[in-house]
Each structure stands twice: as C-alpha cells, then as structure tokens.
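One letter stands for each residue in the lines below.
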Amino acid sequence: MQKTQNLPFQLGDPVEHRGIVIAPLFPTRDPSCAYATLDEALPRGLAITETGLDGTVPELAVKNPLDANVLLYDGEELVGAKQNRILNVSVLVAAGSSLRIPVSCVEQGRWSSRSEGMVAADHVSHANLRRRKAETLAAAPMSLGVAQGEVWNEVAAKASRMDAPSPTGANSDTFRALGAGLGELEPAFPLEPGQCGALFALGDSLCLDWVSRSDAFVQLWPKLRRGYLLDALEALDRPASSPEGLARFVSAVDAAGAARQPSVGLGEDVRFRGTAVIGSGLELDGELLQLSAFTSGPDAARAFGRIAAPSRRR
C-alpha cells in the first residue's frame, strides 16, 4: 500500500476489469466525527425541499430533526420537487438545524412539482460532470448558479453520447437507460472490508473519493460506483491505467495547495489545486471528513499516463 504524508488514507491494490481500474483507499487514522449519510437520514426524518412555494433553482432547504449530524456528499443527486438537483458542495448538516444548500439542476426541461420533498437517487453524478463542476466552482464554490450552464451542457452531452433521450433532460434517465450495462460491471468492483474511499481511473482520467468513516462509505459506494461506471461505459476495453499513474495522482493530491472558507453547514470547505489535479473537501476541527479529487488540465496525460498493467484483474 502507498501511504500519504498529509492525507488520512493509503492506496490499496487496484482492480482492473475491461480497462476500468478502481483502487480502494484505507484509513490511516481513526475517525473522530460521527455523522449519518443522506440515505440513512432521509428515512429517519431528514427533509430536503424547495426553499418556498415558488422555489429557486440553485438552492434547496434542508431540515434535520435528528440528534445526529448528516453528511451530504458533493455530487449526490436529489430527485423530485420541482426538478432534480445535484449537490454543489459537501455539507455537514448539524443535528437539529435547518439551512439552505447550493445545488445545480440536472433536469433542465421541468419546473413543476412532483413531490413536496426530495429523495436520494441511486447514484452520484458521473465523474466527468463532477470534474467540470469543480473546475467552474473553484474560485467561488458557494456562489449560486455559477456552475449551472456547465452542468446542463455535460448532462445533455452525456445523454447524447449514450443515446439516452429524456423528455425532461433528466440526468437520472441516462442512468436508467444504461442500467443493464452498469449492472453487468458492478460485481467486478466489490466493497472491501474497512474501505473508506476509492480511486477510479480510465486511462489518464482519474477521480478520487474519500470519507472518514467506513460505515458511511458502505452507504456511498454503490452510488459512487454507478457514477464511475457510467463514464466507463464510453471507454470499455481500452488500455488500462497503471499502478504507477495512480500512485502519482495520489501524491499530486497530497502535495496540492489548499484554501479554506466557512462551509454552509458545519466545518470548513476546502478547495485545492496542484499539478494536473483539482478537488474539494470538508474539514471539521482539523479532521478531513470528505475529499473529492480529479485530474484537470492538459498536463494530466503526461503526469498520470499509462506505464504498465495493473496488478489484479477481474
């Protein structure tokens, strides 16, 4: 396993299947902060709704009546209300609190109520959409509506490339249309005991996701995996990323400079950029609770390109 200097995880052995490479991430420190995930909290009473009767595209209202903090993960999709949205940033919603969260619409052709509250989709947005959103929001992550055009463009382009038309331009319809293909690939990448994150690679395009608690990652992994594999369906059976490229990516994330600002919920929103990498995270009292990182810019191929075949295949 490759250990990092500053980040609280180490890189496990990668698994390759049909040119897709996913490596598990394992913690090097015990977590301190306790929290529930969106999928755990919604059945217990967490409510996510429009901000009012008229609603507003770039914001949703969250009410957390629970006695537990709730982690909402950057890129998670929420379905219902006046239109489907994705989370622009990760937010830790304090127990017993209410707040507004910044979101982007992923259903351009609907603005009519289907339900009062929103439910969680069975996927996190695909990695390329999340990367484009991260690049757009890098300078002003809490600004409302800044990434909307970029998000709509990627949702429409993905649906067109995958031949997945939707009457309302819904990102969820693309996942639904490709469900059989996703289901065929999912068993090749099972969750490993103690896993808290994953590094996904298609050639020299990489995406890393991390949370501080393995019990939270159990909830997130099926959703993250579906997002990864939606991108993978466009690039099956191509030369696979190398273990060396994955290690160089983790080192670049570890070395990236970071800027912090108050989050919309508990803790601090962290934005970082380094050599061919970009990403964001959430910290509370010095503990990294969540991290997402992506290759970015024209230097990614040179920095993280293929050298050799991965160590394990399925």
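These notes cover the structure that comes with them. Here, residues in each chain are numbered from 1, in the same order as that chain's written sequence. Per-residue local features of the predicted model are confined to residues with pLDDT of at least 70, and side-chain atom pairs are confined, for both listing and counting, to 80 or more; whole-chain, interface and lining totals are unaffected and use all residues. Side-chain numbers here rest on the full set of heavy atoms in the structure, without hydrogens or water.

### Brief notes about the packing of helix α2 (residues 127-137) against helix α6 (residues 214-232)
And then number 1: Axes here mean lines fitted to C-alpha atoms, for a helix over just the part in contact, with angles spanning 0 to 180 degrees between N-to-C directions. The helix count covers DSSP runs of H or I at least four residues long, the strand count covers runs of E at least two residues long, and both are numbered beginning at the N terminus. The contact between α2 and α6 brings their axes to 7 Å, and the two run at 95°. Between α2 and α6, the interaxial angle falls into the category roughly perpendicular. The residues of α6 that touch α2, namely those facing A127, N128 and R130, are L224, G227, Y228 and D231.
And then number 2: Following the grouping adopted for this structure description, the nonpolar residues are Ala, Val, Leu, Ile, Met, Phe, Trp, Tyr, Cys and Pro, the charged ones are Asp, Glu, Lys and Arg, and the polar ones are all others, Gly among them. In terms of residue class, the contact of α2 with α6 is built from 3 nonpolar, 2 polar and 2 charged. Geometric relationships in this document are graded by angle, where less than 35 degrees denotes roughly parallel, more than 145 denotes roughly antiparallel, 65 to 115 denotes roughly perpendicular, and other angles denote oblique. Residue contacts are defined here by distance: any two heavy atoms, one from each residue, within 4.5 Å place the two residues in contact.

### Remarks on the side chain of E154
And then number 1: Structurally, the position occupied by E154 is in helix α3 (residues 148-161).
And then number 2: For the purposes of these results, a polar contact is taken to be a pair of N or O atoms within 3.5 Å, where, inside protein, one atom must be able to donate a hydrogen and its partner to accept one; residues adjacent in sequence count only when each atom of the pair is a side-chain atom. A polar contact is formed between the side chain of E154 and the side chain of N128, at a distance of 3.3 Å.
And then number 3: In contact with E154, other than residues within four places in its own chain, are H126, N128, L129, R132 and R161.

### Some details on the sheet that holds strand β8 (residues 70-72)
Each strand in a sheet pairs with another by means of backbone hydrogen bonds, the pair being arranged parallel or else antiparallel.
And then number 1: Pairing is mixed across the open sheet formed by 3 strands, whose spatial order is β5-β8-β11. In the strand order of this sheet, the two ends are held by β5 (36-37) and β11 (91-93), each with one partner.
And then number 2: For two strands to count as paired, DSSP must find a minimum of two bridges between them. Direction of pairing for β8 relative to β11: antiparallel, over a ladder of 3 bridges. In the sheet register, V70 faces β11, and the bridge partner there is V93.

### Some details on the pairing of strand β15 (residues 205-211)
And then number 1: For β15, the buried fraction is high: 6 of the 7 residues fall into the buried class.
And then number 2: The sheet contact formed by strand β14 (residues 197-202) and β15 spans 6 bridges and is antiparallel. Bridging across to β15, F200 finds its partner in C207.
And then number 3: Counting the residues between successive antiparallel strands, the hairpin from β14 to β15 contains 2 residues, one of them, G203, with a positive phi of roughly 60°.
And then number 4: Where β15 and strand β19 (residues 287-295) come together, 5 bridges link them in antiparallel fashion. Opposite V211, over in β19, you have Q290 as the bridge partner. The buried label applies to any residue whose accessible area, calculated with a 1.4 Å probe on protein chains only, is under 20% of its type's maximum; exposed applies above 50%, and partly exposed to all values in between.

### So, empty space enclosed by the protein
And then number 1: A 1.4 Å probe that fits but cannot get out identifies a cavity on a 1 Å grid over protein atoms alone, an open set with protein on both sides within 12 Å along at least five of seven lines counts as a pocket, and a residue lines either if it has an atom within 4 Å of a point. Grid points are joined across faces, edges and corners, and a volume is the space filled by probe spheres set on the points. Overall, the coordinates contain 1 cavity of 30 Å³ or more when judged by the stated rule.
And then number 2: One number sums up the size of the largest cavity: a volume of about 80 Å³.
And then number 3: Forming the walls of the largest cavity are 10 residues, and the residues nearest its centre are V15, I22, F189, P190 and E192.
And then number 4: At 3 residues, strand β4 (residues 20-27) tops the list of elements feeding residues into the lining of the largest cavity.
And then number 5: Class assignment of the residues belonging to the lining of the largest cavity gives a composition of 7 nonpolar, 1 polar and 2 charged.

### Structural notes on the packing of α2 against α3
And then number 1: Interhelical geometry of α2 versus α3 gives an angle of 160° and a closest axis separation of 9 Å. Regarding the angle of α2 to α3, the classification is roughly antiparallel. The hand of the α2/α3 crossing is right-handed. On the side of α2, the interface is formed by N128, L129, R132, K133 and T136, while α3 contributes E150, V151, N153, E154 and V155. Whether a crossing is left-handed or right-handed is set by the direction in which the near helix is turned from the far one by less than a right angle, anticlockwise for left-handed and clockwise for right-handed.

### Remarks on the sheet that holds strand β7 (residues 59-63)
And then number 1: The sheet built from 6 strands is open, its strands ordered β6-β7-β12-β10-β9-β13 with antiparallel pairing. Each edge of the sheet is formed by a strand with only one pairing partner; in this case those strands are β6 (47-49) and β13 (118-124). Taking the axes of each pair of neighbouring strands and ignoring which way they run, one obtains an average angle of 40° across the sheet.
And then number 2: Here strand β10 (residues 85-87) runs beside strand β12 (residues 98-105); their pairing, made up of 3 bridges, is antiparallel. Each residue of the ladder has a partner; that of L87, found in β12, is V103.
And then number 3: Of the strands in this sheet, β9 (76-80) and β13 touch α6, which is tilted by about 60° from β13.

### A look at the environment of A235
And then number 1: Summarising the element assignment, A235 is placed in the loop between α6 and α7 (243-255).
And then number 2: Judged by its relative accessible area of 12%, A235 falls in the buried class.
And then number 3: Separated by 215 residues in sequence, A235 and I20 have C-alpha atoms that sit 8.3 Å apart.

### Overview of the nonpolar core
Soluble globular proteins tend to bury their nonpolar side chains together.
And then number 1: In these notes, a set of buried Ala, Val, Leu, Ile, Met, Phe, Trp, Tyr and Cys residues joined through side-chain atoms within 4.5 Å is what counts as a nonpolar core. Membership of the largest hydrophobic core comes to 40 residues, with the highest contact counts inside it found for I20 and F200.
And then number 2: For this core, the secondary-structure elements that each account for two or more residues are β4, α2, α5 (179-185), β14, β15, α6, β18 (277-284) and β19.
And then number 3: Among the elements that take part in this core, α6 stands out by supplying 9 residues, more than any other.
And then number 4: If we skip the residues at most four places from it in the chain, F200 touches I20, V21, I22, A127, S205, L206, C207, Y228, D231 and A232.
And then number 5: Counting 28 residues, the second-largest nonpolar core is a separate cluster that includes C196, A240, L246 and F249.

Remember that the coordinates give geometry; whether it matters functionally is a separate question.
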